[in-house]
Amino acid sequence: MEYHDYKTAIAIFNRVVAARPTSHKAYYYRGIAKLNLGDYTGCENDLTETLSLNPFYYDVYEQRGTVRFIQGKYSSAAEDFEKATQFDSGQIEIWNNLILSKLKTDEYAMSDSISSLMIRKWPKKADGFLLKSHSKFGMEAAREAEMLADSALTHDPFHLPSLTVKANFLMLDSKWEEATQMYNRALHIHPKNARLLLYRGLCKRMYSTEQDAQADFRLALDISPGDSLAKRCIECTSAEETRAIVHELVADRNFLFPDDLFYISRTTDTAYIANKYDLLPPQYLSDFQKEAYNPPASFTAGYAQLYQHDFLAAISLLTESIEDNQHIPECYYNRAFAYAKTNSIDKAIKDLGSAIAERPQYAEAYYNRGIMKLWINDIDGARLDFSKAGELGIEMAYKIIQELN
């Protein structure tokens, strides 16, 4: 763990768990290793097991709440953060995350109440004022929300989220020059923020020179080459079109308080990932397995057909093999491969489930089932299978998990 070799750490923690299944710390540290590999599903499962073994190991509530928040499970994340505050009420980060979770579920009255408590506990911190501002805006008290953003800046003039929110308020009120000055202050702290550059460029275009605005748009595009809004701003030639872009931006409910001020937003291109990674190949039996299973001749023949790409013949022969002996995991695994190649995904997933039922530690079956779940856009199910495959030693599973993140 200390040397960031998380995959090896997981393999060793697996041995600890096998030797001592009631060791809550083994599950906890294995969960943290998975978190560092981006395996949020596996991390959550291990942290849940930690708490089932020791519900008073209170650090876990904050960790699990964070993982749940990242996955978009805001209600359950709020429950974890609330539990964490009961054990340790002195950490401002836990209160911050609790309020964010309430805001994500539109519980504005509750987030407003907790923000007030946070301000009383830390009266000189900007965070509480800004979160209360967000709550008030959700309660349609826009003027009060802006005053609270001002209060946040009074307590911390260099608080980047508060600077950004204040600049956004000024842009919303069409105070272009004042908004530009506020974006300048924010960009002194975070000079490579593409969104701030875009917004400053739009403000400049509304009151200053076209050359200054274009410089901001091009710099934003350099920082974020795939940003369609930056390209649109660069190509924009008329004042009318500029006003239309600004109107679209400020009409978005997340304009004033964008998500990435508070946490890292994540997107997933599942089609790209599904096309990039292929299924692990069919498997044959070792000499030891042959002796144990005494496989029918139809298994060998079906396996041969797979490598000749005659998948329909392989399905027929492997079905015959399963009818003769229902307890050979490779039969199900190989037939699942053939089903996948003939686009019978539901049948393939069912067969891989049967293979796992026969051999619960069948890493390749978990991996291939994860790939197929990606094909049908079952992202949560895929994460779960890749998490297990990675835990059982397939390193490629963690690469896919990181791309999913």
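Residues numbered from 1 in each chain as written. Predicted model: local features only at pLDDT ≥ 70, side-chain atom pairs only at ≥ 80, totals over all residues. Heavy atoms only, no water.

**Focus on empty space enclosed by the protein**
Stage number 1. Following the criterion strictly, the structure yields 2 cavities of 30 Å³ or more and no others.
Stage number 2. Lining the second largest cavity are Tyr 58, Asp 59, Glu 62, Ala 84, Asp 88, Gln 91 and Ile 94.
Stage number 3. Along the lines of polarity and charge, the residues of the lining of the second largest cavity split into 3 nonpolar, 1 polar and 3 charged. (1 Å grid on protein atoms, 1.4 Å probe; cavity = no way out; pocket = protein on both sides within 12 Å on 5 of 7 lines; lining within 4 Å. Points joined across faces, edges and corners; volume = space filled by probe spheres on them. Nonpolar A, V, L, I, M, F, W, Y, C, P; charged D, E, K, R; others polar.)

**A closer look at the packing of helix α12 (residues 194-207) against helix α15 (residues 239-251)**
Stage number 1. Taken N-terminus to C-terminus, the directions of α12 and α15 make an angle of 135°; their axes are 11 Å apart at the nearest point. With respect to their mutual orientation, α12 and α15 come out oblique. Here the hand of the crossing between α12 and α15 comes out left-handed. Here Tyr 199, Leu 202, Arg 205 and Met 206 of α12 lie close against α15, whose contacting residues are Thr 242, Arg 243, Ile 245, Val 246 and Leu 249.
Stage number 2. Residues belonging to the contact of α12 with α15 are distributed by class as follows: 6 nonpolar, 1 polar and 2 charged. (Axes fitted to C-alpha atoms, helices over the stretch in contact; angles between N-to-C directions. Helix = DSSP H or I, 4+ residues; strand = E, 2+ residues; numbered from the N terminus. Parallel < 35°, antiparallel > 145°, perpendicular 65-115°, else oblique. Left-handed = near helix turned anticlockwise from the far one by under 90°. Contact = heavy atoms within 4.5 Å.)

**Comments concerning the pattern of salt bridges**
Stage number 1. Evaluated as defined, the whole model comprises 26 salt bridges.
Stage number 2. With a shortest N-O distance of 2.8 Å, Asp 216 and Arg 200 are connected by a salt bridge. Here Asp 216 is found in helix α13 (residues 210-223), whereas its partner Arg 200 is found in helix α12, with 16 residues between them in sequence. Across the pair, Arg 200 and Asp 216 agree in class, each one buried. (Salt bridge = Lys/Arg side-chain N within 4 Å of Asp/Glu carboxyl O. Buried < 20%, exposed > 50% of the residue type's maximum accessible area, 1.4 Å probe, protein only.)

**Describing the layout of surface pockets**
Stage number 1. Reported here for the second largest pocket is a volume of approximately 300 Å³.
Stage number 2. Taken together, 13 residues make up the lining of the second largest pocket; nearest its centre are Tyr 108, His 134, Gly 138, Arg 253 and Asn 254.
Stage number 3. Within the residue set of the lining of the second largest pocket, elements represented by two or more residues are α6 (92-104) and α8 (126-138).
Stage number 4. When grouped by side-chain class, the residues that make up the lining of the second largest pocket number 5 nonpolar, 3 polar and 5 charged.

**Some details on the nonpolar core**
Stage number 1. Ranked by size, the top nonpolar core spans 49 residues in total, and within it Tyr 367, Met 372, Leu 374, Phe 386 and Ile 400 carry the most contacts.
Stage number 2. The element best represented in this core is helix α20 (residues 329-341), accounting for 8 residues.
Stage number 3. Discounting chain neighbours no more than four positions away, the residues touching Phe 386 are Tyr 367, Gly 370, Ile 371, Leu 374, Ala 397, Ile 400, Ile 401 and Leu 404.
Stage number 4. By size, the runner-up hydrophobic cluster in this structure holds 43 residues, among which are Leu 153, Leu 196, Leu 198 and Val 246. (Core = buried A, V, L, I, M, F, W, Y, C linked by side-chain atoms within 4.5 Å.)

**Looking at α8**
Stage number 1. Taking 1.5 Å of rise per residue, 13 residues should cover 18 Å, and α8 covers 19 Å from first to last C-alpha, within 8% of that figure.
Stage number 2. Of all 13 residues that make up α8, 10 are buried, and the element is covered over most of its length.
Stage number 3. Turning to α8, its buried residues are Ala 126, Gly 128, Phe 129, Leu 130, Leu 131, Lys 132, Ser 133, His 134, Ser 135 and Lys 136.
Stage number 4. In the core, the buried residues of α8 are packed alongside α6, α7 (108-121), α9 (142-155) and α10 (160-172).
Stage number 5. In the segment just after α8, Glu 140 is the residue with positive phi, at about 65°. (Expected span 1.5 Å × (residues − 1).)

**Points about the packing of α20 against helix α22 (residues 363-375)**
Stage number 1. In contact at an axis separation of 11 Å, α20 and α22 are set at 20° when each is read in the N-to-C sense. Between α20 and α22, the crossing angle belongs to the class labelled roughly parallel. Once α20 is placed against α22, the crossing between them reads as left-handed. Note on element contacts: α22 touches α20 through Glu 364, Ala 365, Asn 368, Met 372 and Trp 375, opposite Tyr 333, Ala 336 and Ala 340.

**As for the side chain of Ser 23**
Stage number 1. Along the polypeptide, Ser 23 turns up in the loop between α1 (6-19) and α2 (24-36).
Stage number 2. If we ignore the near neighbours within four places in the chain, the residues touching Ser 23 are Val 16 and Leu 53.

**Remarks on the environment of Ile 32**
Stage number 1. For Ile 32, the location among the structural elements is in helix α2.
Stage number 2. If we ignore the near neighbours within four places in the chain, the residues touching Ile 32 are Met 1 and Gln 63.

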